[in-house]
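# Working through the structure, step by step
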Amino acid sequence: MAHRQLGQLRQPGQRGGHGQHTRGRPSRRRVLRQGATAAGAALASAALAGCGGDGAAAGGESGGRVTVELWHGQTDTARTAIEALVDRFNREHPDIRVVPGAGVVADAMLQKVTAALASGAYPDIAYIFGSDLAGVALSPQVANLTDTMDEGPTPWKNYWPAARAAVTVKGQVRAAPALLDSLAVVCNKKLFREAGVPLPEPGWRWRDFQDVAKRLTDRERGVFGTGWPGVGDEDTVWRLWPMVWDLGGDVIHEDGRSIGFADTGVRALETVAALARDKSVYIDPKPGSDQMYQVFLSGRMGMAVTGPWQLPDIQQAKVDYHVVPLPSYSGRPLTISGPDTWAVFDNGGARLKAAQTFVRWLTQPEQDVRWDIDAGSLPLSRRTEALPAWRKKSAGTPGLRTFTDTLETARVRPVHPAYAQISAALGEAIVSVLLGKSTPAAALRRCADQANAALIIPR
């Protein structure tokens, strides 16, 4: 969902076709696509089949030059951005040649990598959605980058906590951070003025959000206070996790065999139910959330819970807007980030070393800032954020600074093989509450039954 300028900050859940415009960033939110569970099983079996093969044999060139195969999955402006960085790396590293390819967008990368691992002919580097990494990392062909990411001019601890957590599986760094975002609330200032409602400020509460949404709603004019995706996909689900975390819950209980939101999830869903009862929430019935955002862009929604990818569209639509951090129950700042990753695969000593050199180079501030500005990521590290180029970009994009500041308190979903099943179960619960078909307590009980069954499966 034709590519737009102003940094190409992208919308989650978007994809080509179906009348939508295809933004240059991939649709990372569609993690619960059909075949994800089968893909995870295939990745596990690939651990047996993919122990070398054609992928391990290729890569050497005369004169000692090593070829690295990169499956980046990017399109449009983002593809131009990554390929420009690849060209620069190749010029600066004459002993390594990185070749971008794969011929698939990031949405199809999991299936492509799964098949490649099973056949034994896999790439050296691939762009993997953060929510897919735990399944991919079941394969021993996925390199351990713990030492790699601790080297170089950017210390590991200088990356935002969300970026570090998203690539860490069972205490090991199994990928390099590739892309970073966060959620906040974008407000239509014109609708707030017309309703006589003051703009929210940091530290506001979810009860304030509910009250403001109700006051902004004008059914006669077709104006909604806010919106929520209503198809049960990951875009539906990830908006609830900051509410659960703020209430003291977690996605997975510390015992690892049950969900950690059996109680807190009910309270969070009660907030969702209140918005539905007030008829102040636009429920988007289609995947991708495009309709919900179009309602906001057309001036008929007061508040959109979204990320920095939406700012270019908002500016192009000439919406007078204000960005504020997510509300909370406690008054403490908290948000969610959904990072993506660069996974490195072991194709033998020379190629592995060259691939590690490339991802270490790519994630350094000097390269990261170009990727952030041209392709639409928030800075991976505080050092990138401090660079003049990013400061200029941030100053020229109203509200962008708020999204970056929220990274201080951003958390990520667990990198766990059962996450897809947990999300699917919670997605069903949220939709049933939004549509008034179930109470929060009953919806959460069904969710817990399904999710707990997935968690007890040995991984």
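Every chain is numbered independently, its residues counted from 1 as its sequence is written. Restriction of local features to residues with pLDDT of at least 70 applies here, the model being predicted, together with a cutoff of 80 or more for giving and counting side-chain atom pairs; totals for whole chains, interfaces and linings are based on all residues. Working from all heavy atoms in the structure, the side-chain values ignore hydrogens and water.

## Some points on the nonpolar core
So the rule is basically this: Buried Ala, Val, Leu, Ile, Met, Phe, Trp, Tyr and Cys residues that are joined via side-chain atoms within 4.5 Å together make up what is termed a nonpolar core. Think of it in three bands: with a 1.4 Å probe and only protein chains considered, a residue is buried below 20% of the maximum accessible area for its type, exposed above 50%, and partly exposed in between. Helix and strand assignments follow DSSP, with helices taken as H or I runs no shorter than four residues and strands as E runs no shorter than two, numbered in order from the N terminus. Contact criterion: two residues are considered in contact whenever any of their non-hydrogen atoms come within 4.5 Å of each other.
Counting 125 residues, the largest nonpolar core has Leu240, Trp241, Met303, Trp342, Phe358 and Leu426 as the members making the most contacts within it. Among the elements that line this core, the one with the most residues is helix α20 (residues 419-434), at eight residues. Ignoring any residue separated from it by four or fewer positions in sequence, one finds tryptophan 241 in contact with Glu234, Val251, Phe261, Ile336, Arg413, Tyr419, Ile422 and Leu426. With 13 residues, the next largest nonpolar core counts Ala116, Leu117, Ile128 and Val142 among its residues.

## Topic: the pattern of salt bridges
Filter applied, for reference: Each reported salt bridge corresponds to a side-chain nitrogen of Lys or Arg within 4 Å of a carboxyl oxygen of Asp or Glu.
One pass over the structure, following the stated rule, counts 15 salt bridges. The salt bridge involving arginine 370 is made with aspartate 374; its shortest N-O contact spans 3.2 Å. Note that arginine 370 and aspartate 374 are positioned in helix α16 (residues 365-376) at a spacing of four residues, about one turn of the helix. Judged by relative accessible area, which is 34%, arginine 370 ranks as partly exposed. Residues joined by salt bridges that share partners form a network here, namely Lys190, Glu194, Asp218 and Arg221.

## Side note on helix α15 (residues 349-362)
What counts here: A helix is expected to span 1.5 Å multiplied by its residue count minus one.
Counted at 1.5 Å a residue, the expected span for α15 with its 14 residues is 20 Å, and the 20 Å between its end C-alpha atoms agrees. Counting buried positions along α15 yields 10 of 14 residues, so the element is predominantly enclosed. Along α15, the residues that are buried comprise Arg351, Leu352, Ala354, Ala355, Gln356, Thr357, Phe358, Val359, Trp361 and Leu362.

## Section: the sheet that holds strand β2 (residues 96-101)
Condition: The pairing criterion is simple: DSSP has to find at least two bridges between the two strands. Angles here are taken between N-to-C directions and fall from 0 to 180 degrees, while the axes themselves are lines fitted to C-alpha atoms, restricted in helices to the stretch in contact.
Reading across from one edge, β2-β1-β3-β15-β6 is the order of the five strands in this open sheet, with mixed pairing throughout. Edge positions in the sheet fall to β2 and β6 (176-179), since each of these pairs with one other strand and no more. On average, each strand axis in the sheet is inclined to that of its neighbour by 30°, with strand direction left out of account. With five bridges connecting them, strand β3 (residues 125-129) and strand β15 (residues 340-344) associate as antiparallel partners. Bridge pairing in β15 places isoleucine 125 opposite valine 344. Sitting on the sheet, helix α3 (residues 76-92) touches β1 (66-71), β2 and β15, and the angle it makes with β2 is about 165°.

## Observations regarding the pairing of strand β12 (residues 303-306)
Here β12 shows no split at all, with Met303 and Val305 on one side and Ala304 and Thr306 on the other all buried. Inspection of the sheet shows strand β7 (residues 184-188) paired to β12 by four bridges, in the antiparallel sense. Residue pairing across strands places cysteine 187 opposite methionine 303, the latter belonging to β12.

## Focus on the environment of glycine 299
In this structure, glycine 299 sits in the loop between α13 (290-297) and β12. In this structure, the C-alpha to C-alpha distance between glycine 299 and lysine 189, residues 110 residues apart in sequence, is 9.9 Å. With residues near it in sequence (within four places) discarded, glycine 299 still touches Asn188 and Leu191.

## A few points about the sheet that holds β12
The pairing of strands in a sheet comes from backbone hydrogen bonds and takes either a parallel or an antiparallel form. With antiparallel pairing, three strands are arranged side by side in an open sheet as β12-β7-β13. Bordering the open sheet on either side are β12 and β13 (321-324), each of which pairs with just one other strand. Pairs of neighbouring strands in the sheet enclose a mean axial angle of 25°, with direction left out of account. This element, helix α9 (residues 206-216), spans β7 and β12 of the sheet and lies at about 135° to β12. Seen against the sheet, α13 touches β7 and β12 and runs at an angle of roughly 140° to β12.

Remember, this is a structural readout, not a statement about activity or role.
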